[in-house]
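Now for the letters of each chain:
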Amino acid sequence: RGSALSMTSLQLVSRWRGEDLGQPIPNERHAVSVCLPRWRDNVGYEEGDPAVTGAMRAGYPRFFFHPDTADLFATIERMLAQPGKCAMAFPSEKVAWRCAEFIYRETGSQTEIGSMCSGQIHFVLMPIAARDTAKAYWQHAGEIVPSRMAVALLESRKAVDGTREKQLLRERVAALQGSSAEDVYLFPSGMAAVFTAYRLLQRLRPEARSIQFGFPYVDNLKVQQRLSRVRPVEQACSFFPRGTEADIDEVARLAANEKLLGLFVELPGNPLLGSPNV
């Protein structure tokens, strides 16, 4: 029985050895998981060790530029970027403008915005020094160009918009929620959905602080800090990492003395699975 289990495991998990570091899981072009087989590989990834990050051929798309997406950026740079400039592409003009505004707010750098492929893609041209800032926007906001779309554009094909499939998803979610399909919104990533909710609240109270109650997934907090219009970022969000009963009393005190932007809670939290008392 042990031998059969081992053979099955090897079939299901084909990449787990040290030499598999950085390879996609599964071995598929658009895989979003990567092999970090040893504890030291995981530590090295978090610390930005070039021996680990340089070996990666795949990764979660908000944190790691998929090779096809990176090729799209490089193609735009070869065609349009002047020396000392780089490019990043986004799925719409509005997203490109939001990235440009973030770059200016964080660095003061001026950018250019344009479109390609009959308006299917919009890009931001920026100084190379601003690239890491733009990558932070890509990660936090989650408004990204999927690798399949990048492939279509690189091959001069029209990207599939999936209108029928999206409508089917809306109808299925609506049926489960007992709502109308018109009230279901789809986003390219979970963080894009969170960021959209945050921007809607900002329209109502642009200068107000938000509350992060309980320990969150990292980018949920970063959205409220770095993507806020409030400066300094320490005043953009009040963070209660433990989410205790005493913290609830403090939130009540804040709410009684000022108009708050909104309250963000994860149920359960990622990664600690904590669930504040709502």
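Quick caveat: nothing in here was measured; it's all calculated off a predicted structure. (Residues numbered from 1 in each chain as written. Predicted model: local features only at pLDDT ≥ 70, side-chain atom pairs only at ≥ 80, totals over all residues. Heavy atoms only, no water.)

*Asks:* I tried to follow the overall build of the protein on my own but got confused; where do I start?
*Replies:* When helices and strands are tallied, the protein shows eleven helices and eight strands. Once the C-alpha set of the protein is aligned to its principal axes, its extents read approximately 60 × 60 × 45 Å. Counting only residues that meet the buried cut, the protein has 40% of its 278 residues in that class. Excluding contacts between residues fewer than 6 apart, the proportion of contacts in the protein whose partners are at least 24 apart in sequence is 66%. (Helix = DSSP H or I, 4+ residues; strand = E, 2+ residues; numbered from the N terminus. Buried < 20%, exposed > 50% of the residue type's maximum accessible area, 1.4 Å probe, protein only. Contact = heavy atoms within 4.5 Å.)

*Asks:* Hey, could you run me through helix α8 (residues 163-177) in this one?
*Replies:* Within an α-helix, residues lying three or four positions from one another point in the same direction, as the helix has 3.6 residues per turn. Taking 1.5 Å per residue as the helical rise, α8 with its 15 residues ought to reach 21 Å, and the 21 Å between its terminal C-alpha atoms agrees with that figure. Remark: glycine 178 follows α8 within two positions and exhibits a positive phi of approximately 70°. (Expected span 1.5 Å × (residues − 1).)

*Asks:* For this particular structure, what's the right way to read the nonpolar core?
*Replies:* The nonpolar side chains of a soluble globular protein tend to be buried with one another. In this structure, Phe90 and Tyr137 are the most contacted members of the largest nonpolar core, which totals 43 residues. Mapped by element, the contributors of at least two residues to this core are α4 (67-80), β3 (85-90), α5 (93-107), β5 (121-127), α6 (131-141), α7 (147-154) and α9 (190-204). If we skip the residues at most four places from it in the chain, phenylalanine 90 touches Val95, Ala96, Cys99, Ile121, His122, Val124, Tyr137, Trp138, Glu143 and Val145. (Core = buried A, V, L, I, M, F, W, Y, C linked by side-chain atoms within 4.5 Å.)

*Asks:* Which parts of the structure should I look at to understand the layout of surface pockets?
*Replies:* One water molecule sets the probe size; rolling that probe over the atoms shows where empty space is left. The space that makes up the largest pocket amounts to roughly 1,200 Å³. Listing elements by their share of the lining of the largest pocket, those giving two or more residues are α5, α7, α8 and α9. Looking at the lining of the largest pocket, its residues break down into 23 nonpolar, ten polar and ten charged. Taken as a whole, the second largest pocket spans an internal volume of roughly 400 Å³. If you trace the second largest pocket, you find 14 residues lining it, with Arg98, Glu101, Phe195, Arg199 and Arg229 closest to the centre. Those elements that provide at least two residues to the lining of the second largest pocket are α5 and α9. (1 Å grid on protein atoms, 1.4 Å probe; cavity = no way out; pocket = protein on both sides within 12 Å on 5 of 7 lines; lining within 4 Å. Points joined across faces, edges and corners; volume = space filled by probe spheres on them. Nonpolar A, V, L, I, M, F, W, Y, C, P; charged D, E, K, R; others polar.)

*Asks:* Looking at this structure, how should I read the sheet that holds strand β8 (residues 262-265)?
*Replies:* Strand order in the open sheet formed by three strands is β7-β6-β8, with parallel pairing between adjacent strands. For this open sheet the edge positions go to β7 (237-240) and β8, each flanked by a neighbour on one side alone. Each adjacent strand pair in this sheet contributes to an overall mean axis angle of 20°, direction not counted. When strand β6 (residues 210-213) meets β7, the two strands line up parallel, connected through four bridges. Among the inter-strand pairings, phenylalanine 213 is bridged to a residue of β7, identified as phenylalanine 240. (Pairing = 2+ DSSP bridges. Axes fitted to C-alpha atoms, helices over the stretch in contact; angles between N-to-C directions.)

*Asks:* I tried to follow the packing of aromatic side chains on my own but got confused; where do I start?
*Replies:* The geometry of an aromatic ring pair is captured by the separation of the ring centres together with the interplanar angle, meaning the angle of the planes. By the definition in use, this model includes eleven aromatic pairs. Judged by centre distance (5.2 Å) and plane angle (85°), the rings of phenylalanine 65 and phenylalanine 73 are edge-to-face. The same class applies to phenylalanine 65 as to phenylalanine 73, namely buried. Residues tyrosine 137 and phenylalanine 195 carry aromatic rings whose centres are separated by 6.2 Å and whose planes lie at 85° to one another, so their mutual orientation is edge-to-face. Here the residue tyrosine 137 occupies a position in helix α6, and phenylalanine 195 occupies one in helix α9, the gap between them amounting to 58 residues. (Phe/Tyr/Trp six-rings, centres within 6.5 Å; stacked < 30°, edge-to-face > 60°.)

*Asks:* How should I be thinking about the packing of α4 against α7 in this particular structure?
*Replies:* Between two packed helices, the angle of one axis relative to the other and the distance separating the axes together describe the packing. At a minimum axis separation of 8 Å, α4 and α7 run at an interaxial angle of 45°. Here α7 runs oblique to α4, going by the angle between their axes. By crossing handedness, the relation of α4 to α7 is classed as left-handed. Together, Asp68, Thr69, Asp71, Leu72 and Thr75 of α4 and Ser147, Ala150, Val151, Leu153 and Leu154 of α7 make up the contact between the two elements. Looking at the contact of α4 with α7 residue by residue, the classes come out as five nonpolar, three polar and two charged. (Parallel < 35°, antiparallel > 145°, perpendicular 65-115°, else oblique. Left-handed = near helix turned anticlockwise from the far one by under 90°.)

*Asks:* Please explain the packing of α5 against α6 as it appears in this structure.
*Replies:* Close contact between α5 and α6 brings their axes to 9 Å; oriented N to C, the two are set at 130°. Between α5 and α6, the interaxial angle falls into the category oblique. In this structure, α5 crosses over α6, and the sense of that crossing is right-handed. Between α5 and α6, the residues in contact are Val95, Arg98, Cys99, Phe102, Ile103, Glu106 and Thr107 and Thr133, Ala134, Ala136 and Tyr137, respectively. Classifying every residue of the contact of α5 with α6 gives seven nonpolar, two polar and two charged.

*Asks:* Before we go on, may I ask you to explain the pairing of strand β4 (residues 112-116) in this structure?
*Replies:* On a regular strand, one side chain projects to one face of the sheet and the next to the other, so that they alternate. Sheet topology places β4 next to β5; five bridges connect them, and they run antiparallel. Considered in β5, the bridge of serine 115 is made with histidine 122.

*Asks:* For this particular structure, what's the right way to read a positive patch on the surface?
*Replies:* Judged by side-chain charge, Lys94, Arg105, Arg203 and Arg229 come together as a positively charged surface patch. Within the element layout of this structure, arginine 203 appears in helix α9. (Patch = residues over 30% accessible without salt bridge, like charges linked within 9 Å, V, L, I, M, F, W, Y side chains within 5 Å. Areas by Shrake-Rupley, 256 points an atom, 1.4 Å probe, with all protein chains shown as cover. Salt bridge = Lys/Arg side-chain N within 4 Å of Asp/Glu carboxyl O. Lys, Arg positive; Asp, Glu negative; His and termini not counted. Charge placed at Lys NZ, Arg CZ, Asp CG, Glu CD.)

*Asks:* For this particular structure, what's the right way to read the sheet that holds β4?
*Replies:* Hydrogen bonding along the main chain pairs the strands of a sheet, whether they run parallel or antiparallel. The strand order β3-β5-β4 describes an open sheet built from three strands, whose pairing is antiparallel. Each of the sheet's edge strands pairs with one partner strand only, and the pair in question is β3 and β4. On average, each strand axis in the sheet is tilted by 30° relative to the strand beside it, whichever way the strands run. Note: β3 against β5, six bridges, orientation antiparallel.

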